[in-house]
Amino acid sequence: MADQADQGRTAAHSLAHGGRTNFAGFLLRLAARFPFLLLAARLYGAEELGHFAYAVMVVEFVAALATMGLKRGLSAEMARGSRDERHVLADGWLLGLGLAALGSAVLWFWPDLMFPGLDRAGSARGFALIVPAIVLADVSLAGLAFRHRIEVAVRARSVIEPWVLTIAATLLAFTAARQWGLLVAYWLSLLAAVTASVVPAMREFGRPRGWRPSIGRMGWMAWRNLPLAGADLVEWSIRRLDLFILGRFAGPQEVGLYYVAQQVATLAGKIRVSFDPILAPMLSRAVKEGRPQEAAAHLNQVGFWVLSFQLPVVLALGLPGEGVLGLFGPEFAAGALVLALLLTAELAAAPSSLAEMGLIYTRPKANLVVATAALALQAVLSLLLVPRFGGAGAAGALMLALLAGAVARQILLGRALGASVGMWRWRLLGAGGVTFLFGAAARALPELPQMILTIPGVLLLFAGLIWRFGYTPADRTLVRRGHG
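A quick note: this is a predicted structure, and the numbers were derived from the prediction, not measured. (Residues numbered from 1 in each chain as written. Predicted model: local features only at pLDDT ≥ 70, side-chain atom pairs only at ≥ 80, totals over all residues. Heavy atoms only, no water.)

(A) Quick peek at the overall build of the protein chain. Regarding its fold elements, the protein chain presents 18 helices and zero strands. Buried positions account for 56% of the 484 residues belonging to the protein chain. Taking the intrachain contacts of the protein chain between residues at least 6 apart in sequence as the baseline, contacts between residues at least 24 apart amount to 83%. Carbon and sulfur atoms provide 67% of the accessible area of the protein chain, an area that totals close to 20100 Å². (Helix = DSSP H or I, 4+ residues; strand = E, 2+ residues; numbered from the N terminus. Buried < 20%, exposed > 50% of the residue type's maximum accessible area, 1.4 Å probe, protein only. Contact = heavy atoms within 4.5 Å. Areas by Shrake-Rupley, 256 points an atom, 1.4 Å probe, with all protein chains shown as cover.)

Dropping the structure here:
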């Protein structure tokens, strides 16, 4: 019993350390993402942002296909222990690169898939060649996460990639290459990120001595990961279908407005992603070693941490939504309702994604069914709502689909683990309610004073309430260093 208690404390500290490291990465990414959005919106305008957003969505979709679920599945492959970890990583690299090359070729020959309705689409076909870089970086970071080298992902994804994107996009806006500025900047940022991912992975794992490529072995790896790959693809599609359908019913300018609101809202979602690299290996080990109660405890703890950080960010960005979006230009302030709906969707996405992570290792086929049903629900709702309500319809459809998926996944996971999986606590709702009333009262002020008061005020008030009345000593390990 004492050994189990020690293991539990060690696991909690590992989760807290990984969460702290990645939350620092979230803050760094926030510090870079906001300048990029501000500068891109001001220097390029909503229409160019719309073309850029659609093209990035397409190349990332192809990269998601090529990754074959290895962003999370690689931990399970390495946890099997039947093969050298270096060989597993090498197989993952080769499998991903081979599929990425096929995807790039399709986009190269049909560039209109990336740039629908753009007369210069053929000249931008080279953008398709970024797909292998995305895949290579994702697989490398997945391998490093298995060894708890979380700081590499923070450096690559939260420092190098966003700052290269921001600086390059700004400089290119004042050159003759302005019409390609955002695409070239994205290219450069991904090349920098892949370098910062692959080099540390090679140093950490070393050369895969004795490894030989095998189509049969990689095919078997792909087959084992097929349920996870399908779930990843469906989950990815849920977060992009809104932009895709909106792009089909609206022009690039409205897509650009929606994209900015979406990027602001996903800043809240990045808090959850902060725990993925450390939580995935711990869950895979707990399930593999027959400790379902421990897996449920990890999920409940991380879920509460995520929501306690995410809820105040949602309130701080959503309550003064017109002012926040107005920073990007007067035309963007019209997306305040879209931003509010997307932020609410992020609150539903956190429990859904965390529960999905548990289902991946316990009921992968059931998880795929839930994901597919949620995607179908979103598609139906989007086709009904987008033609009538535009961006607000797309955001509302996403919110409802994510909420339905979250409820279904938590019920299924609780049954699979034989333990309660509940991430919301009444203390969260109480602190959130008080904070909401404060922010709602501040809306009576003019726009600028409202933002100046609401954003820091909401964050500080919620932090004080949740720390004093919501966090137990176990919860407070997240913000305390050491093991004391």
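Next comes the rest of the write-up.
(B) Layout of the environment of R427. Mapped onto the fold, R427 is located in helix α17 (residues 426-442). Overall, R427 belongs to the partly exposed group, its relative accessible area being 35%. Residues R427 and S308, 119 residues apart in the sequence, show an inter-C-alpha distance of 9.6 Å. Discounting chain neighbours no more than four positions away, the residues touching R427 are I466, F469, G470 and T472.

(C) Here's a closer look at the packing of aromatic side chains. Under the counting rule described, the total for this entry stands at seven aromatic pairs. Between F52 and Y259, the aromatic rings sit 6.2 Å apart at their centres with planes inclined by 85°, giving edge-to-face as the arrangement. With a gap of 207 residues between them, F52 in helix α1 (residues 2-67) and Y259 in helix α10 (residues 252-273) connect regions that are remote in the sequence. Comparing F52 with Y259, the two get one shared label, buried. (Phe/Tyr/Trp six-rings, centres within 6.5 Å; stacked < 30°, edge-to-face > 60°.)

(D) Looking closely at helix α14 (residues 336-362). Here α14 contains 27 residues, and its C-alpha end-to-end distance of 39 Å stays within 8% of the 39 Å for a straight helix at 1.5 Å per residue. A349 marks where α14 bends most, by close to 30°; the proline P351 follows one to four residues later. Most of α14 sits inside the fold, with 24 of its 27 residues counted as buried. (Expected span 1.5 Å × (residues − 1). Bend = angle between axes of the 7 residues up to and from the residue.)

(E) Focus on the packing of helix α4 (residues 131-146) against helix α6 (residues 181-205). In the contact formed by α4 and α6, the axes pass within 8 Å of each other and the chain directions differ by 35°. For α4 against α6, the interelement crossing comes out left-handed. Facing α4, whose interface residues are A133, I134, L136, A137, S140, L141, G143 and L144, α6 presents Y186, L190, V194, S197, V198, P200, A201, E204 and F205. Looking at the contact of α4 with α6, its residues break down into 13 nonpolar, three polar and one charged. (Axes fitted to C-alpha atoms, helices over the stretch in contact; angles between N-to-C directions. Left-handed = near helix turned anticlockwise from the far one by under 90°. Nonpolar A, V, L, I, M, F, W, Y, C, P; charged D, E, K, R; others polar.)

(F) Structural context of the side chain of S382. Looking at the element boundaries, S382 is found in helix α15 (residues 364-389). Given the relative accessible area of 0%, S382 is considered buried.

(G) Inspection of the packing of α17 against helix α18 (residues 447-470) at higher detail. One can describe the packing of α17 onto α18 by two numbers: an axis separation of 9 Å at closest approach and a directional angle of 160°. Compared by their axis directions, α17 and α18 come out roughly antiparallel. Judged by the sense of rotation from one axis to the other, the crossing of α17 with α18 is right-handed. Where α17 abuts α18, its residues R427, L428, A431, G432, V434, T435, F438, G439 and A442 lie against Q450, L453, T454, G457, V458, L461, F462, L465, I466, F469 and G470. (Parallel < 35°, antiparallel > 145°, perpendicular 65-115°, else oblique.)

(H) Representation of the pattern of salt bridges in the model. By the definition in use, this model includes seven salt bridges. With a closest N to O distance of 3.3 Å, E60 and R240 form a salt bridge. With a gap of 180 residues between them, E60 in helix α1 and R240 in the loop between α8 (226-238) and α9 (241-249) connect regions that are remote in the sequence. Note on R240: relative accessible area 23%, which makes it partly exposed. Ionic pairing is found between E356 and R409, a salt bridge with its closest N-O pair at 3.8 Å. (Salt bridge = Lys/Arg side-chain N within 4 Å of Asp/Glu carboxyl O.)

(I) Representation of the environment of M218 in the model. Relative to the elements of secondary structure, M218 occurs in helix α7 (residues 215-224). A relative accessible area of 10% places M218 in the buried class. As for M218 and L95, which are separated by 123 residues in sequence, their C-alpha atoms are 6.3 Å apart. Beyond its immediate chain neighbours, meaning those up to four positions away, M218 contacts D91, L94 and L95.

(J) A look at a nonpolar patch on the surface. A contiguous nonpolar patch, built from V106, W108, F109, W110, L113 and L129 and spanning about 630 Å² of accessible area, is present on the exposed surface. For F109, the position within the fold is in helix α3 (residues 85-109). Note on F109: relative accessible area 59%, which makes it exposed. (Patch = residues over 30% accessible without salt bridge, like charges linked within 9 Å, V, L, I, M, F, W, Y side chains within 5 Å.)

(K) Structural context of helix α16 (residues 391-417). With 27 residues, α16 should reach 39 Å at 1.5 Å per residue; the first-to-last C-alpha distance of 39 Å fits that figure. Directly beyond the C-terminal end of α16, a positive phi value near 70° is found at G418.

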